[in-house]
Amino acid sequence: GAGVSQSPRYKVAKRGQDVALRCDPISGHVSLFWYQQALGQGPEFLTYFQNEAQLDKSGLPSDRFFAERPEGSVSTLKIQRTQQEDSAVYLCASSLEGQGFSGNTIYFGEGSWLTVV
Amino acid sequence: AQSVTQLDSQVPVFEEAPVELRCNYSSSVSVYLFWYVQYPNQGLQLLLKYLSGSTLVKGINGFEAEFNKSQTSFHLRKPSVHISDTAEYFCAVSAPMDTGRRALTFGSGTRLQVQP
């Protein structure tokens, strides 16, 4: 597709429910990022993939958060046993860069809005 | 580690007036600098970026920013704003290749409200 695509756009989950958020990056993009954006805040880094390898997961807030990108394209962010504090917009982003970071533009999707009730 | 401070959470301005959105950063290494815009219910769109070279960077929609290393600032400016510029603006930094960190670190955002 032309841009980064995320689904679902909106998700309401009951506390304790598991959720899965999907990201389709721009075709051919090597790097993929997940960010969490709480209401009124800037995005905060969760995790980073280079192809299928998860090179940085230092931003994942707890072991209830898990991300994968098994074939180096589509990625899924899974949140187990959701809590109210998990309510946020989850942004996926991708960029062309491979081994070297030359400042290639990072393109963002429109986000998946998660509300935990 | 890097951090970004956006000094103003909201900036109201009248249409056709100039505007400056302030951004300061801290880092122990050289960084790349970015400004992103977020319209309501949309993802972030890159306005401009500074990697190296000229400290004055021009972006889309008539925006520009100036990198000031001594003041560790990267303020965003536009000489004449339009109603359509109403949005949230985020300053961000990233570490270059030699630190191995690819992620962007964002400020908390500045809401630009353009009034007729």
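Residues numbered from 1 in each chain as written. Chains lettered and ligands numbered in written order. Predicted model: local features only at pLDDT ≥ 70, side-chain atom pairs only at ≥ 80, totals over all residues. Heavy atoms only, no water.

## Here we look at unusual backbone geometry
- Cis geometry is adopted by the peptide bond preceding P8 of chain A, which originates at S7 of chain A and carries an omega value of -5 degrees.
- Turning to its location among the elements, P8 of chain A is positioned in the loop between β1 (5–7) and β2 (10–13).
- Positive phi, normally seen in glycine, also occurs at N61 of chain B, with a value near 60 degrees.
- Using a relative accessible area of 40% as the deciding quantity, one classes N61 of chain B as partly exposed. (Helix = DSSP H or I, 4+ residues; strand = E, 2+ residues; numbered from the N terminus. Buried < 20%, exposed > 50% of the residue type's maximum accessible area, 1.4 Å probe, protein only.)

## Digging into the pairing of strand β8 (residues 75–79) of chain A
Residues and elements named next belong to chain A.
- Extensive coverage of β8 is indicated by the burial of 4 of its 5 residues.
- Taken together, the 5 bridges between strand β3 (residues 19–24) and β8 define a ladder with antiparallel strand orientation. Note on β8: the bridge partner recorded for V19 is I79.
- Alignment of strand β7 (residues 65–68) against β8, held across 4 bridges, turns out to be antiparallel. Bridge pairing in β8 places F66 opposite K78.
- In this antiparallel pair of consecutive strands, β7 and β8, the connection spans 6 residues, and G72 shows a positive phi of 75 degrees. (Pairing = 2+ DSSP bridges.)

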